Amino acid sequence: MIRKSLEDDGFLEVETPTLWSDAGGANATPFTTTLKALDESIPLYLRVAPELFLKMLVVGGIERVYELGKQYRNEGIDTTHNPEFTSCEFYRAYADYNYTQQFMETLLSNMAKELNGSLQVELPSGKIADFTVPFKRIDIMSALEEKIGEPLPDPNNDDNQEWSALCRRLKVSCPEPRTTARLLDKLIGHYLEPDCVSPTFLVNHPKILSPLAKQHPTKEGLT
């Protein structure tokens, strides 16, 4: 159903490398290996995301492209993270996050109706996730400031000391490396994600969280 929805909208499915000399595309720790057929002193990486390859294809002239495939991240294991997982990434030239949100609303609501027979889906916790369109939108920075009750430091400042001190004061744990991006992500996970029972879009990410995303048309420092 995911493939049909994308292909009905003109997307082309591709397969890109999972083993490469650079693991870029996401802020994650890669698995490292070597290739015996070449110089074993040169490290190779299992990809953490297909993003860079897909964007190369868009730049090369394939205006709508997607990939369903495996990603590998050498990090923790919990209820929302696994070192090996399957993802779907798609990119469309000349579109913005408004198009993407509308597309995902249609896709997920149709999937819920097809697979569950209803737009209201009971979760293992007993809570009800409502797939009725439109989905809720949460502006990340303003919602965090409302939850915490104070203005937040500039997330795009290279100095992470203020963010580190803020997380310590709020007792929000963040293991090393305590970069601004990781500290901010931990705050989002602590304060905003628990409210996202039904499908929800967290919008207007600071650039430090999405450095490869398109600049927000009116808000400096956001994507």
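Before reading further, recall that the structure is shown in the block above.
No experiment lies behind these values; they were computed from the predicted model shown.

Definitions and cut-offs
Residues numbered from 1 in each chain as written. Predicted model: local features only at pLDDT ≥ 70, side-chain atom pairs only at ≥ 80, totals over all residues. Heavy atoms only, no water. Helix = DSSP H or I, 4+ residues; strand = E, 2+ residues; numbered from the N terminus. Rg over C-alpha atoms; globule rule 2.2 N^0.38 Å. Buried < 20%, exposed > 50% of the residue type's maximum accessible area, 1.4 Å probe, protein only. Phe/Tyr/Trp six-rings, centres within 6.5 Å; stacked < 30°, edge-to-face > 60°. Lys NZ or Arg CZ within 6 Å of the ring centre and 35° of its normal.

1. Notes on the overall build of the protein
Point 1. Of regular secondary structure, the protein possesses six helices and 10 strands.
Point 2. Its C-alpha atoms give the protein a radius of gyration of 19 Å, near enough to 17 Å, the size a compact globule of 223 residues would have.
Point 3. When its C-alpha atoms are laid out on the principal axes, the protein stretches across 55 × 50 × 40 Å.
Point 4. Burial status across the protein gives 35% buried among its 223 residues.

2. Some thoughts on the packing of aromatic side chains
Point 1. Scanning the model with the defined rule gives seven aromatic pairs in all.
Point 2. Ring geometry for Phe11 against Phe90: centres 5.6 Å apart, planes inclined by 85°, an arrangement best described as edge-to-face. Of this pair, Phe11 sits in the loop between helix H1 (2-8) and strand S1 (12-13) while Phe90 sits in strand S6 (residues 84-92); the two residues are 79 residues apart in sequence, bridging distant segments of the chain.
Point 3. Take Phe11: its relative accessible area is 5%, and that puts it in the buried class.
Point 4. We classify Phe90 as buried; its relative accessible area is 17%.
Point 5. Taking 6.5 Å as the distance between ring centres and 80° as the angle between the ring planes, the aromatic pair formed by Phe131 and Phe135 counts as edge-to-face.
Point 6. Here a set of aromatic residues connected by ring pairs shows up, and it is made of Phe11, Phe90, Tyr99 and Phe103.
Point 7. Here the basic side chain of Arg92 rests over the ring of Tyr99, its NZ or CZ set 4.4 Å away from the ring centre.

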